[in-house]
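# Residue-level structure breakdown
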Amino acid sequence: MEWRIRAIRGATTVSENGVEAMQEAVTELLDELEKRNQLDPRNILSVTFSVTRDLDAIFPAAIARKRPYWDNVAMLDVQQMYVKGSMERCVRFLVHAYLPESVPIYHTYLRHAASLRPDWS
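Residues numbered from 1 in each chain as written. Predicted model: local features only at pLDDT ≥ 70, side-chain atom pairs only at ≥ 80, totals over all residues. Heavy atoms only, no water.

## So, the overall build of the protein chain
We apply this condition: Strands are runs of DSSP state E lasting at least 2 residues, helices are runs of H or I lasting at least 4, and numbering of each runs from the N terminus. Computation of the radius of gyration draws on C-alpha atoms, with the globule rule given as 2.2 Å multiplied by the number of residues to the power 0.38. Partly exposed describes any residue whose relative accessible area lies between the buried limit of under 20% and the exposed limit of over 50%, with all areas from a 1.4 Å probe on protein chains only and scaled to the type maximum.
A count of helical and extended segments in the protein chain gives 2 helices and 5 strands. Relative to its length of 121 residues, the protein chain is compact, with a C-alpha radius of gyration of 14 Å against a globular reference of 14 Å. Judged by the C-alpha coordinates and their principal axes, the protein chain covers about 45 × 30 × 20 Å. In the protein chain, which comprises 121 residues, the proportion classed as buried is 40%.

What follows is the structure in structure tokens.
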């Protein structure tokens, strides 16, 4: 079985700009990422999180870093480019991980963010 670096996308929405709401949404998103892709966090190279400008209660990486084996993952938080009329209170990620080439990738779009990529939700 040949392994290579693979990219996985995902997003969710947060009910409000608060620490607890962000922790709940980001934890749910990362749980689904790991489960759907049978992903061992020790195989994750990096994660870029983006948040819409209305979310500033906590960094998603700070939430992820508390998960088992995520403390050594290179993570970056950025603000998503604002586009008038775009989805509010949205957290997105781009994960790069070593995965078997033959294993399908399952991109994870939850809550209202499922409408961003209905083909992947």
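What follows continues from the structure just given.
## Looking at the pairing of strand β1 (residues 3-13)
Our working rule: When DSSP finds two or more bridges between a pair of strands, those strands are recorded as paired.
Of the strand pairs in this sheet, β1 and strand β4 (residues 90-100) are connected by 11 bridges, and their pairing is antiparallel. Bridge pairing links Arg 4 to Leu 99 in β4. In this structure, β1 lies alongside strand β5 (residues 108-109), joined through 2 bridges in parallel fashion. By the bridge assignment for β5, Gly 10 is matched with Thr 108.

## Points about unusual backbone geometry
With the exception of glycine, the majority of residues adopt a negative phi angle, and the majority of peptide bonds are in the trans configuration. With a phi close to 70 degrees, Tyr 69 is a non-glycine residue in the positive phi region. Mapped onto the secondary structure, Tyr 69 falls in the loop between α2 (60-64) and β3 (74-79). Its relative accessible area of 47% is what places Tyr 69 among the partly exposed residues.

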